[in-house]
Amino acid sequence: MFSIMIPASSKQIWRGSSSSNALKSAVIALSNRSVSSEDVKNFFTPKVSPRSDSQASLLTKEQVNHLYKIQFHQVKPEALPAYKQLCSEFIPKMSQIEGLPMECVGSWSCWYGDQDQVVHLWRYTDGYASFKQASLRLAKEDWYQDMWNERSKMLHSRTNQLLYEFSFWNEITAREGPNIYELRTYHLKPGTMLEWANNWARGIKNRQKNEAVAGFFSEIGDLNVVHHLWAYKDLENRKITRQSAWEKPGWDDTVYYTGMCIIYIFFIIVI
């Protein structure tokens, strides 16, 4: 048990102010009140309203049930040409499998960032049901298993994540090229994803028509991770476009308030 006491200097300020008698009485009463350990706990522990919906259901598009998989392949430098040749053969072949509920949205090689890295982005058209169906179907294809074994010899390491797309970002579609792409990855503080989304939902409006390609958050794999994909004609166009964003009202607020959610960030330029 301990008591909160108001210093004498503070009481002098209250005497000289124009505050109401009711407010003075409340402060004086507080100064003489004993505070329990439960009071202290309630003061320092924020009250969190319970949620009845999952984070994914709150942030994803209602009209579609897409699930995405992003793959990061760290290729052996000497095997990179052979790896690209292998991808140029098996990715089109997968698209020819009738009824396969997955498609390759994009495959890129890292230009600036982790060298010899290749990024693949896949879309499953009906969520986890499509993910399961595609996995079972490909497991029956001998050529796919042969490709998988051959590809594994070319890699140092590989990681992947399953992602959902934010409801307020564009639907990812093919773009006329040539383009460079910037993949920005944010690791957020636990519990800040909704705050992040609320601020980006306002801030992205001024950038949707041009450079914004897609925005995702992780569902399986590293959690509390956000990926933003942007398209530019070249590095000079990237510089000009990013600078012009600061001239649009509200963009500074988006950067400020979302910045407080971030643990760390990195990005790569891919082509």
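Residues numbered from 1 in each chain as written. Predicted model: local features only at pLDDT ≥ 70, side-chain atom pairs only at ≥ 80, totals over all residues. Heavy atoms only, no water.

## Here's the deal with the overall build of the protein chain
To keep it simple, the criterion reads: Each helix is a run of H or I in the DSSP string that is no shorter than four residues. Each strand is a run of E no shorter than two, and both are numbered from the N terminus. Exposure is judged per residue with a 1.4 Å probe applied to protein chains only, and the accessible area is read against the type maximum: over 50% gives exposed, under 20% gives buried, and values in between give partly exposed. For this analysis, residues touch if any pair of their heavy atoms sits within 4.5 Å. Note on areas: Shrake-Rupley with a 1.4 Å probe; residue coverage comes only from the protein chains shown.
Counting its secondary structure elements, the protein chain contains 10 helices and 10 strands. Across the 271 residues of the protein chain, 39% fall into the buried class. At a minimum sequence separation of 6, the contacts of the protein chain that also span at least 24 residues come to 82%. Element-wise, carbon and sulfur atoms account for 54% of the exposed surface of the protein chain, whose accessible area totals about 16,200 Å².

## Things to note about the confidence of the model for the protein chain
Selection criterion: pLDDT measures the predictor's confidence residue by residue and takes values from 0 up to 100.
Taken over all residues, the pLDDT of the protein chain has a mean of 86, while the share at 70 or more is 80%. Predicted confidence is poor over residues 1–19, with pLDDT under 50, and the contacts of this stretch with residues over four places away or in other chains come to 24 contacts.

## Things to note about helix α6 (residues 127–139)
Filter applied, for reference: One fewer than the residue count of a helix, multiplied by 1.5 Å, yields its expected span. Arc, as used here, means the arc of the directions from the helix axis to the C-beta atoms.
The end-to-end C-alpha distance of α6, which contains 13 residues, comes to 19 Å, matching closely the 18 Å that a straight helix rising 1.5 Å per residue would cover. Those residues of α6 that sit buried are G127, S130, A134 and L138. Projected down its long axis, α6 shows its buried positions confined to an angular sector of 55°, all on one face. For α6, the exposed residues lying more than 90 degrees away from the buried face are K132 and L136. The elements touched by buried residues of α6 are β3 (67–75), α5 (80–95), β4 (102–112), β5 (117–124) and α7 (142–152).

## Regarding the pairing of β3
Here is the rule: Between any two strands, at least two bridges found by DSSP are needed for them to pair.
Among the nine residues in β3, eight count as buried, and that is most of the element. For β3 and β5, the ladder comprises eight bridges, and the chain directions are antiparallel. Each bridged residue has a counterpart across the sheet, and for Q71 the counterpart in β5 is H120. As paired strands, β3 and strand β6 (residues 155–165) are joined by eight bridges and run antiparallel to one another. Directly across from Y68, in β6, lies its bridge partner L163.

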